[in-house]
Each structure stands twice: as C-alpha cells, then as structure tokens.
Amino acid sequence: MKVLVVGKGGREHAIAYASYHSESVSKVYAAPGSYGMRELAECVDIAANDIDGLVSFAKQHDIDLTIVGPEDVLAIGIVDAFEKEGLKIFGPTKAAAKVESSKDFAKKMMAKYNIPTAAYATFNTFEAAKAYVEEQGAPIVIKEDGLKAGKGVTVASTIEEAMEALTIAFDIENNSVVIEECLFGFEFSLMSFVCDDIVVPMEIAQDHKCAYDGDTGPNTGGMGVYSPVKMITPAIIEEAMEKVMKPMAKAMIEEGVPFTGFLYGGLMLTDTGVKTIEFNARFGDPEAEVILPRLESDFAQTIIKVMNHEEVSLKWNDKVALGVVMASENYPASSTKGAIIKGLDDVEGNVFHMGTAFVDNEIVTDGGRVLIVVSEADTIEEAYEKAYADIKKVNCDKLFYRNDIGKKDMKG
Ligand code: AMP
Ligand code: GLY
C-alpha cells in the first residue's frame, strides 16, 4: 500500500521509518517531511496544515493510508476532511482530538467516567484562580487550556511560582487554566493503537520532560526517552489498560466522539495506583523514536487491522532503545536556525530529525528540539553508553543535551 505521513518532526521521521519497514507498504510519502527522511520517504512540498492540499495529493496519488503526526493538524480537522472525501486516515476527528486540545474536556471526561487522575478545578479569571491557589496551597500544578507543545504547564512548588504562572496565563485574552493537585510518583507513557473500542497497547516508554539533568529546569516537549521501562511491570500495564486506556476509549464512544488514532496516556504510578496526567491524541515525541524501531510487526498493517476492528497482538524486539535529544541552546525559551551540524554520518544508531533544515548543502538547526540519537542494545546500560558515544560524534556548538537519560532505570 501507499502511505502518506503528515508532519516533519522526529515523531514523523519515526513513523516514516516504521512505514518504510512495513512489508505491506510499497511507497511512503511525507508532507512536508524532512531531509532526514529522504531515504525512507518521498518528501512533498505541502505543509502539514494545508488540509486541502493534502486531500488533493492523497486523491491524485491513490494513497491507501494517511498517518498524522502533529496534534495541531488533528485539532483543525484533517481527519474530518479526509473522511468526507472517503480517504483512509489514522487519527482522531477534530471533536475527538479534544482529549488533547482541551485539558478541561479531558479532565471532565475523566471525572465523569471515573478514570483516575489528579483532583482539579478550571478557572477563567485571575481572581478566582488566585483564591483557589491560596486555599489549596503549594505544591500545585497550573495548566493553560489548549495546545502548548508541552510548555503550558507549571508544577509550582511555592505559591509565588503559582501566581507567576497565573499572571502569565491570564495575560492572554480569553485564556483559562486548569489547576490540579500535585501528584508524586513515577511517570511513564503508554501509547495504544485505537479505533472505537479496540485498544492495542504498545510498549512503555519513559520520557524526560525537564530541560536539565536530574529533572531540573523548565518543562519541555521531552529531552530523552527509553523503552521498555523495567519499573512498569505487566501488572501495572494491565491496571493502566483496564482503568485508564480502555475506559477512555469507551467514554469517547459514549459521548458520541469515538476515538481513532494513537491514544497517548501520560501516566503516573503513585502510592495509590496508576493516575492519568494527560491524554494526547497522537504519538508521543520523542516516544515514537524509541518505540517504533522496536516494533517487529508490520506497522501499517497493524493500523489497517485496528481500523477494521480486529484485535492484534504486536511483536516487539527484546532490545532496550534509548534516545537522547539534542536541543537548541536556549530551548525551551527560544530556538536557533541555521547552525551547521556535522558528524551525523558517523553515528552508529538511528538519528531522527526533529527540527533540521538542509541549506546550502549543509544540515542546519531549525527548531527547538533539533535531533534525537537513538541506540539499541541488550541492556539499558549498554544502550546508554552507545547513545552517548554517538552524541559525542555530532558536532554543533549551538546544541545541548541531558547527560542522564535512562539513569533512573539503571542499577546503583
Ligand atoms: P502535561 O503537559 O499535562 O503532560 O504536563 C507536563 C508535565 O508536568 C508532566 O509530564 C508532569 O511531569 C508534570 N505534571 C503535570 N500534571 C501534574 C500533576 N497533576 N502532578 C504532578 N506533576 C504533573
Ligand atoms: N513526549 C511528550 C509528548 O509527546 O507530549
């Protein structure tokens, strides 16, 4: 079959990789794709949010399956537009994408359907939010409603920090915030292929959201990742599936907004069981970059089977994949463009391009998170050594990375 991947980041690079390695796939296109994907996919110059352009392309090229990467494109209704034209596309409709695009919607669903999560309240004025924070005390979590690329959340350890976050949030007109109880525990990502009530779990990945070593610094889209995660046992995965993922898929049907696509559970193992931090309506980034290379089943065929409501059991390799993100020096505050990156050819593992461009015959930085180097090995210790040996081969003085990806899962 012919597959079209929508997007250009590291996640979409990994989706193109998995599509390319699917026996059922004869050709992969990516719109707009990236230079990094050039050997896997034919990149076509259509922006990810140019829905009319993508619909025409899919029709003209007899695309059998379109797979959407970015959340903002789902939130503007790419799936609705494709389905209207009878084109097969894997992703949620605009209405179902609200599990991610509105934190308030997600929290309301979890409350209504008893899906374990942090206690919360939603506010649309600064005064009311301030009064609530003062009453609850710190630590407390402030989340702006809407899509923020992982950057609209403040885990405030003091009232002052919380007030600062509220001031920033309410500087934006018509903004609202969700204020949550602060949970403590071990975070992990559980992604599933979903179509209505069919929910097929993937292997667990562990993201590292803070910018700096030791989980310090501002929240980011994710600075590194590994899969699988020893601490998350089959019993915990079962609990997460039965209490969070399947109930959410059922709840979406119940509410008349059935979900199709990758449903991402951002979960936390707490003293009182698995709790939901958030849902996303798409594959995690950088989770895709370690999970998909471990998938031995045919990726595109799996999607088709799930869309046909078939239960599938997935085959994974027994390696540990570990990825270290290289980000622009001031990320997440700002990003760089145009800094030359050398040495990628010497890297032994996989390099997925998150934010690069190809200018004047050079690969250059073009975003906040720029690339991720992923290694696979029999143990996490070996995967760590390999990934960091590779990272040292990449030459660019405008990039930084964390030194402790995967350390949590290592002995000693
Ligand atoms: P989100 O964008 O909702 O995933 O939040 C980003 C990060 O903030 C999460 O990955 C957690 O590390 C942290 N976080 C969010 N909500 C909570 C919460 N209720 N308690 C503790 N940490 C949280
Ligand atoms: N890695 C977190 C996310 O994709 O939202």
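What comes next concerns the included structure.

Definitions and limits used
Residues numbered from 1 in each chain as written. Chains lettered and ligands numbered in written order. Predicted model: local features only at pLDDT ≥ 70, side-chain atom pairs only at ≥ 80, totals over all residues. Heavy atoms only, no water. Helix = DSSP H or I, 4+ residues; strand = E, 2+ residues; numbered from the N terminus. Rg over C-alpha atoms; globule rule 2.2 N^0.38 Å. Buried < 20%, exposed > 50% of the residue type's maximum accessible area, 1.4 Å probe, protein only. Salt bridge = Lys/Arg side-chain N within 4 Å of Asp/Glu carboxyl O. Near = heavy atom within 4 Å. Polar contact = N/O pair within 3.5 Å; in protein donor to acceptor, adjacent residues only side chain to side chain. Areas by Shrake-Rupley, 256 points an atom, 1.4 Å probe, with all protein chains shown as cover. Nonpolar A, V, L, I, M, F, W, Y, C, P; charged D, E, K, R; others polar. Pairing = 2+ DSSP bridges. Axes fitted to C-alpha atoms, helices over the stretch in contact; angles between N-to-C directions. Contact = heavy atoms within 4.5 Å. Lys, Arg positive; Asp, Glu negative; His and termini not counted. Core = buried A, V, L, I, M, F, W, Y, C linked by side-chain atoms within 4.5 Å.

1. A few points about the overall build of the chain
- For the chain, the count of helices and strands is twelve helices and 24 strands.
- Relative to the 2.2 N^0.38 estimate, which gives 22 Å for 412 residues, the radius of gyration of the chain is 20 Å and therefore close to what a compact globule would have.
- Dimensions of the chain along its principal axes, counting C-alpha atoms only, are 60 × 50 × 45 Å.
- Across the 412 residues of the chain, 59% fall into the buried class.

2. Quick notes on the pattern of salt bridges
- One pass over the structure, following the stated rule, counts 25 salt bridges.
- The partner of Glu-134 in a salt bridge is Lys-130, with the nearest N and O atoms 3.6 Å apart. Taken together, the positions of Glu-134 and Lys-130, both in helix H7 (residues 126-136) and four residues apart, correspond to about one turn of that helix.
- A salt bridge links Arg-294 to Glu-203, with the shortest nitrogen-to-oxygen separation between them at 2.9 Å. Of the two residues, Arg-294 is situated in the loop between helix H10 (287-291) and helix H11 (299-307) and Glu-203 in the loop between strand E11 (198-201) and strand E12 (206-207); the sequence distance between them amounts to 91 residues.

3. Digging into the site of ligand 2
- Around ligand 2, the surrounding shell consists of Asp-207, Lys-209, Gly-221, Tyr-264, Asn-280, Arg-282, Gly-284, Asp-285, Pro-286 and Glu-287.
- Glu-287 is positioned with one of its side-chain polar atoms (N or O) 2.8 Å from a nitrogen atom of ligand 2.
- Protein contacts shield 92% of the accessible area of ligand 2, which totals 200 Å² for the unbound molecule.
- Of the residues contributing to the shell around ligand 2, the split by class is two nonpolar, three polar and five charged.

4. Concerning the sheet that holds strand E6 (residues 120-123)
- If you walk across this open sheet you meet the four strands as E6-E9-E7-E8, and the pairing is antiparallel. At either margin of the open sheet sits one strand with a lone partner, and together these are E6 and strand E8 (153-156). On average, each strand axis in the sheet is inclined to that of its neighbour by 20 degrees, with strand direction left out of account.
- Bridge analysis of E6 against strand E9 (residues 177-181) gives four bridges, and the strand direction is antiparallel.

5. Remarks on the sheet that holds strand E5 (residues 89-90)
- Read across the open sheet, the five strands follow the order E3-E2-E1-E4-E5; overall the sheet is parallel. Edge positions in the sheet fall to strand E3 (42-43) and E5, since each has one partner strand and no second.
- Pairing of strand E1 (residues 2-7) with strand E2 (residues 27-32) involves six bridges; the strand directions are parallel. Opposite Leu-4, over in E2, you have Tyr-29 as the bridge partner.
- Sitting on the sheet, helix H1 (residues 10-20) is in contact with E1, E2 and strand E4 (65-68), with an inclination near 170 degrees to E1.

6. Quick look at the site of ligand 1
- Neighbouring ligand 1 are 15 residues; Glu-180, Glu-181, Leu-183, Glu-187 and Glu-278 lie closest to it.
- In this structure, Glu-180 approaches ligand 1 through a side-chain N or O atom, which is 2.7 Å from a nitrogen atom.
- Side-chain polar atom of Glu-187 to an oxygen atom of ligand 1: 2.5 Å apart, as the coordinates give it.
- Within the residue set of the shell around ligand 1, elements represented by two or more residues are strand E7 (140-144), E8, E9 and strand E17 (273-280).
- Looking at the shell around ligand 1 residue by residue, the classes come out as seven nonpolar, one polar and seven charged.

7. Observations regarding the environment of Val-200
- Inspection of the secondary structure puts Val-200 in strand E11.
- The class for Val-200 is buried, based on a relative accessible area of 2%.
- As for Val-200 and Ile-303, which are separated by 103 residues in sequence, their C-alpha atoms are 10.0 Å apart.
- For Val-200, the contacting residues outside a window of four places in its chain are Met-191, Ser-192, Phe-193, Val-306, Glu-311, Val-312 and Leu-314.

8. Digging into the side chain of Glu-287
- Tracing the backbone through its elements, the reader meets Glu-287 in helix H10.
- Look at Glu-287: it is buried, it has no salt bridge, and the nearest opposite charge is Lys-209 at 6.0 Å.
- Within polar-contact distance, the side chain of Glu-287 engages the side chain of Tyr-264 at 2.8 Å.
- Residue contacts for Glu-287: discarding those within four places in its chain leaves Ser-189, Met-191, Ala-205, Asp-207, Val-225 and Tyr-264.

9. Here's the deal with helix H2 (residues 51-60)
- Inspection of H2 places Ile-51, Gly-53, Leu-54, Val-55, Phe-57 and Ala-58 among the buried residues, and these make up the whole buried set.
- At its buried positions, H2 is contacted by E1, E2 and helix H4 (78-84).
- Looking one or two residues beyond H2, the residue adopting positive phi is Asp-62, at roughly 50 degrees.

10. Focus: the side chain of Thr-365
- Along the polypeptide, Thr-365 turns up in strand E22 (residues 362-367).
- Judged by relative accessible area, which is 0%, Thr-365 ranks as buried.
- Side chain to side chain, Thr-365 and Thr-336 meet in a polar contact 3.1 Å long.
- Sequence-distant contacts of Thr-365, defined by excluding residues within four places in its chain, comprise Thr-336, Lys-337, Gly-338, Ala-339, Ile-341, Gly-355, Val-370, Cys-396 and Leu-399.

11. Comments concerning the nonpolar core
- Ranked by size, the top nonpolar core spans 80 residues in total, and within it Ile-78, Val-99, Met-252, Phe-279 and Leu-322 carry the most contacts.
- Considering each element in turn, this core owes the most residues, nine residues, to helix H9 (residues 234-254).
- Excluding residues within four positions of it along the chain, Leu-322 makes contact with Val-225, Tyr-226, Val-290, Val-373, Val-374, Ser-375, Ile-380, Ala-383, Tyr-384, Ala-387, Ile-405 and Gly-406.
- With 52 residues, the next largest nonpolar core counts Met-191, Phe-262, Ile-291 and Ala-321 among its residues.

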